[in-house]
Amino acid sequence: MFQKFTAPLVIVTAASAVFFACSSDSSSSSPVTPQNVTLSEVEGSSDNETSVSSSSDKIATNSSSSLRLSSANLSSSSIDVSVSAETSSSDKVTDKVGEPAEPAEVYLWHDEFDTIDTTTWTFETGASGWGNNEWQYYTARSENAFVQDGILHIRANKEDYEGAKYTSARIITKGKFSFTYGTVEARIALPVGKGIWPAFWMLGENIDAVSWPACGEIDIIEAINDENIVYGTNHWQAGGNQADYGNNTKDYYGTSKELDITQFHNYKMVWNEKLIAMYVDDFKYQEIAIENAKDGLEAFHKPQFFILNVAVAGNWPGFEVDDSQFPNEMLVDYIRVSQP
């Protein structure tokens, strides 16, 4: 969530760098092996490898020098692309909003949000977004996070609080639940509005030991302002620098999906030894090859924990905020994690 992109990118901070080659053809999709390229080669790359600078999110970091790496677009045939809260087995139960749901025992972990379970979630509180110059103060109050009718509400408010002009909430499963590899499915509705920045994302459980970005970060869902676009991004450390690779629903290798993100959609992430891929309603908007991990990609073969939050303003969405939108909420029906 530190850098956001609208097309595959290559940015180097030295004369040579290790990267994944990106194809502008959505049908070209087999993993490629990282290779060395010179600065002149990068400068001569195609338009869809043009660098776009954007800001950092969620963890304080010195991003004065960063290496953004691009990765291959893999074929959807390599993974299960089915995305739906509705499954076909005969032993389903019906959940609180009328959506068919698998019995609980099929999940490695799940939260249907009948309450905010503090044995699973911890509230992180404080201002500024840990280095992103955000304007909200995260609280543990029910004004900012609550469950109603089986739906988790993370609400950003316009109010003066502890020196900030806005409040919101950020909850994490760090130290309580983390996992390596699996399929994540979530039914979520996102807020839109100038200056709003909701996210459903992950960080390496070892962040306290190795810091960011060496711990690795998986941004399953991010959205900003009133774009109705969902971003998926991976962040890690390569050669002592920050590395990023991301895509979005507006332009994924020439494909696009129109969304009203304020409505509930089924979001899915498939994470295995070979790749991390993200979908909304069967549409793939991000994929990165992690097989033969090196140059810091080893971070994506270690446990990660969940984070849910709604930020107001900051380095990426910008510092223009429409106050008429508040209160503004991210709604989460469920999060479900399964493994083969």
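Every value quoted in this text rests on a predicted model; they were computed, and no experiment measured them. (Residues numbered from 1 in each chain as written. Predicted model: local features only at pLDDT ≥ 70, side-chain atom pairs only at ≥ 80, totals over all residues. Heavy atoms only, no water.)

## Examining the nonpolar core
Then, number 1: Membership of the largest hydrophobic core comes to 56 residues, with the highest contact counts inside it found for Phe200, Phe306, Leu308 and Ile335.
Then, number 2: Apart from the residues lying within four places of it in its own chain, the contact partners of leucine 308 are Phe113, Trp121, Leu152, Ile154, Ala169, Arg170, Ile171, Ala199, Phe200, Met330, Val332 and Ile335.
Then, number 3: Core analysis: the next-biggest nonpolar cluster, separate from the first, contains 9 residues, Ile172, Leu203, Ile207 and Cys215 among them. (Core = buried A, V, L, I, M, F, W, Y, C linked by side-chain atoms within 4.5 Å. Buried < 20%, exposed > 50% of the residue type's maximum accessible area, 1.4 Å probe, protein only. Contact = heavy atoms within 4.5 Å.)

## Topic: the side chain of aspartate 111
Then, number 1: Relative to the helices and strands, aspartate 111 resides in strand β5 (residues 109-111).
Then, number 2: Given the relative accessible area of 8%, aspartate 111 is considered buried.
Then, number 3: Here the side chain of aspartate 111 touches phenylalanine 113 through a polar contact of 2.8 Å, landing on its backbone nitrogen.
Then, number 4: Polar contacts involving the side chain of aspartate 111 include one to the side chain of tryptophan 121, which spans 2.8 Å.
Then, number 5: With residues near it in sequence (within four places) discarded, aspartate 111 still touches Trp121, Asp333, Tyr334 and Ile335. (Helix = DSSP H or I, 4+ residues; strand = E, 2+ residues; numbered from the N terminus. Polar contact = N/O pair within 3.5 Å; in protein donor to acceptor, adjacent residues only side chain to side chain.)

## A look at the sheet that holds strand β17 (residues 241-248)
The strands that make up a sheet pair up through hydrogen bonds in the backbone, lying either parallel or antiparallel.
Then, number 1: The strand order across the open sheet formed by 7 strands is β6-β12-β21-β14-β15-β16-β17, and the pairing between neighbours is antiparallel. Both edges of this open sheet fall to β6 (122-123) and β17, since each of them pairs with a single strand only.
Then, number 2: When strand β14 (residues 196-204) meets strand β15 (residues 217-222), the two strands line up antiparallel, connected through 5 bridges. Each bridged residue has a counterpart across the sheet, and for tryptophan 201 the counterpart in β15 is aspartate 219. (Pairing = 2+ DSSP bridges.)

## Quick word on the pairing of strand β9 (residues 145-148)
Then, number 1: Sheet analysis places β9 next to strand β10 (residues 151-161), joined by 4 bridges and oriented antiparallel. By the bridge assignment, glutamine 148 is partnered in β10 with isoleucine 151.
Then, number 2: Between β9 and β10, which pair antiparallel one after the other, the connecting turn spans 2 residues, and aspartate 149 there sits at a positive phi close to 55 degrees.

## Structural notes on the environment of alanine 293
Then, number 1: Within the fold, alanine 293 resides in the loop between β20 (283-289) and β21 (304-312).
Then, number 2: Setting aside its immediate chain neighbours within four residues, alanine 293 contacts Glu298 and His301.

## Considering the packing of aromatic side chains
Then, number 1: On inspection of all chains with the given rule, the structure shows 19 aromatic pairs.
Then, number 2: Considering the side-chain rings of tryptophan 135 and tyrosine 166, the 6.5 Å spacing of their centres and the 10 degrees angle between planes classify their relative orientation as stacked. One end of the pair, tryptophan 135, is in the loop between β7 (126-127) and β8 (136-138); the other, tyrosine 166, is in strand β11 (residues 164-168), and 31 residues separate them in sequence.
Then, number 3: Overall, the relative accessible area of 34% leaves tryptophan 135 in the partly exposed class.
Then, number 4: You can call tyrosine 166 buried: its relative accessible area is 4%.
Then, number 5: Here phenylalanine 179 and phenylalanine 306 contribute two aromatic rings whose centre-to-centre distance is 5.6 Å and whose plane-to-plane angle is 50 degrees, an arrangement assigned as tilted. A residue pair is termed long-range when its members are at least 10 positions apart, and phenylalanine 179 in the loop between β12 (170-172) and β13 (182-189) and phenylalanine 306 in strand β21 qualify at 127 residues.
Then, number 6: Taking relative accessible area as the criterion, phenylalanine 306 reaches 0% and is therefore assigned buried.
Then, number 7: Three or more aromatic residues link up through ring pairs in this structure, and these residues are Trp109, Phe113, Trp121, Phe177, Phe179, Tyr181, Phe200, Trp271 and Phe306.
Then, number 8: A cation over a ring is seen here: arginine 141 above tyrosine 161, with NZ or CZ 4.5 Å from the ring centre.
Then, number 9: Cation over ring: arginine 336 sits above tyrosine 334, and NZ or CZ is 3.5 Å from the ring centre. (Phe/Tyr/Trp six-rings, centres within 6.5 Å; stacked < 30°, edge-to-face > 60°. Lys NZ or Arg CZ within 6 Å of the ring centre and 35° of its normal.)

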